[in-house]
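The residues making up each chain are set out below.
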Amino acid sequence: MREINKFKKSYPNLHYHITSGDTEQVAEKLDKGLLDFAVLAEIPDSSKYESLVFPKADIWGVVMPADVPLAKKKAICADDLIDLPLFCSGQGWQKDIPNWAKEKMEQLHLEGSFKLSYNASLFAKEHLGYLLTFDKLVDTSLESGLVFRPLTPRLETRLFLVWKKHQTFSPIAERFLQQIIASFNL
């Protein structure tokens, strides 16, 4: 978003469309030529895509109401989540959380899955469950009534900017890619 904001200053008439989904959904649109770029939260298939790694990894944690006892902790371990109703993206639940929870995974209860953290945060806000998600995807300001607590041990996910191999970009998409490369110091 920061890069789009910078780019808009140079090209104020730029219009863009953002689509959300899991890796499978976004990659399908990329393969069909419906998207110039995708941001994936898993290592892309290098036989199909070119990619850049974002400079910083996303940090996993739990979003929960500020008034629950678990919110008093500075960090959350797998034992803290046993028998609690959990919300998580399907992709995160299948790939990231098992690597973190290890043998405790069988004791964790997925109450529901989602594609957008904001939607799941509304359920968490209503005390329906605890949201496993990346930091800074949900408003956890004092006014929100929600807090974010990082997982311990720390769980990080690298993000990748991806595009099809041998892609012919429009001039504006090519300029945007060059800005990203410069910004990522590549």
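From a predicted model like this one, the values you see are computed outputs, not experimental measurements. (Residues numbered from 1 in each chain as written. Predicted model: local features only at pLDDT ≥ 70, side-chain atom pairs only at ≥ 80, totals over all residues. Heavy atoms only, no water.)

Visitor: If you had to explain the overall build of the chain to someone new, which residues and values would you point to?
Guide: Each helix and strand counted, the chain has 6 helices and 9 strands in total. The burial tally for the chain puts 40% of its 186 residues in the buried class. For the chain, the proportion of contacts with a sequence separation of at least 24, taken over those separated by at least 6, is 72%. Both charge centroids of the chain, one from 23 positive and one from 24 negative side chains, sit 6 Å from each other. (Helix = DSSP H or I, 4+ residues; strand = E, 2+ residues; numbered from the N terminus. Buried < 20%, exposed > 50% of the residue type's maximum accessible area, 1.4 Å probe, protein only. Contact = heavy atoms within 4.5 Å. Lys, Arg positive; Asp, Glu negative; His and termini not counted. Charge placed at Lys NZ, Arg CZ, Asp CG, Glu CD.)

Visitor: So what's going on with the nonpolar core? Which residues, and what values?
Guide: Formed by 24 residues in total, the largest nonpolar core has its most connected members in M64, L81, I97, L132 and L151. Discounting chain neighbours no more than four positions away, the residues touching L81 are V62, L70, I76, L86, W100, L108 and L132. The next biggest cluster of nonpolar side chains, apart from the first, holds 13 residues, and it includes F37, L177, I180 and F184. (Core = buried A, V, L, I, M, F, W, Y, C linked by side-chain atoms within 4.5 Å.)

Visitor: So, the environment of W163: which residues are in play, and what are the values?
Guide: With respect to the element layout, W163 can be found in strand β9 (residues 160-164). Note: C-alpha distance between W163 and V53 (110 residues apart in sequence) is 12 Å. Aside from chain neighbours lying at most four places away, what touches W163 is L30, D36, F37, K48, Y49, E50, S51, L52, F169 and L177.

Visitor: Provide a residue-level description of helix α2 (residues 23-31), including the pertinent values.
Guide: Turning to α2, its buried residues are T23, V26, A27 and L30. In an axial view of α2, the angular spread of the buried residues amounts to 100 degrees, which keeps them on one side of the axis. Looking at the buried positions of α2, the neighbouring elements they touch are β1 (38-40), β2 (49-53), α4 (90-101) and β9. (Arc of directions from axis to C-beta.)

Visitor: An account of the sheet that holds β2 is requested, with residue identities and associated values reported.
Guide: The pairing of strands in a sheet comes from backbone hydrogen bonds and takes either a parallel or an antiparallel form. One open sheet holds the 3 strands; their spatial order is β1-β9-β2, and the pairing between them is antiparallel. The outermost strands of the open sheet, each flanked by one partner alone, are β1 and β2. Geometrically, the sheet is characterised by an average inter-axis angle of 35 degrees between neighbouring strands, direction not taken into account. The pairing of β2 with β9 spans 5 bridges and is classified as antiparallel. Counterpart to Y49 in the pairing with β9 is K164. (Pairing = 2+ DSSP bridges. Axes fitted to C-alpha atoms, helices over the stretch in contact; angles between N-to-C directions.)

Visitor: Can you lay out the packing of aromatic side chains for me, pointing to particular residues and giving the numbers?
Guide: Following the criterion strictly, the structure yields 9 aromatic pairs and no others. An aromatic cluster of three or more residues is present, and its members are F7, Y11, F37, W163, F169 and F176. (Phe/Tyr/Trp six-rings, centres within 6.5 Å; stacked < 30°, edge-to-face > 60°.)

Visitor: Which residues make up the environment of F134, and what values do they have?
Guide: With respect to the helices, strands and loops of the structure, F134 is situated in strand β6 (residues 130-134). The sequence separation of F134 and V62 amounts to 72 residues, and the corresponding C-alpha distance is 8.2 Å. Apart from the residues lying within four places of it in its own chain, the contact partners of F134 are A41, D58, I59, W60, F148, T157 and L159.

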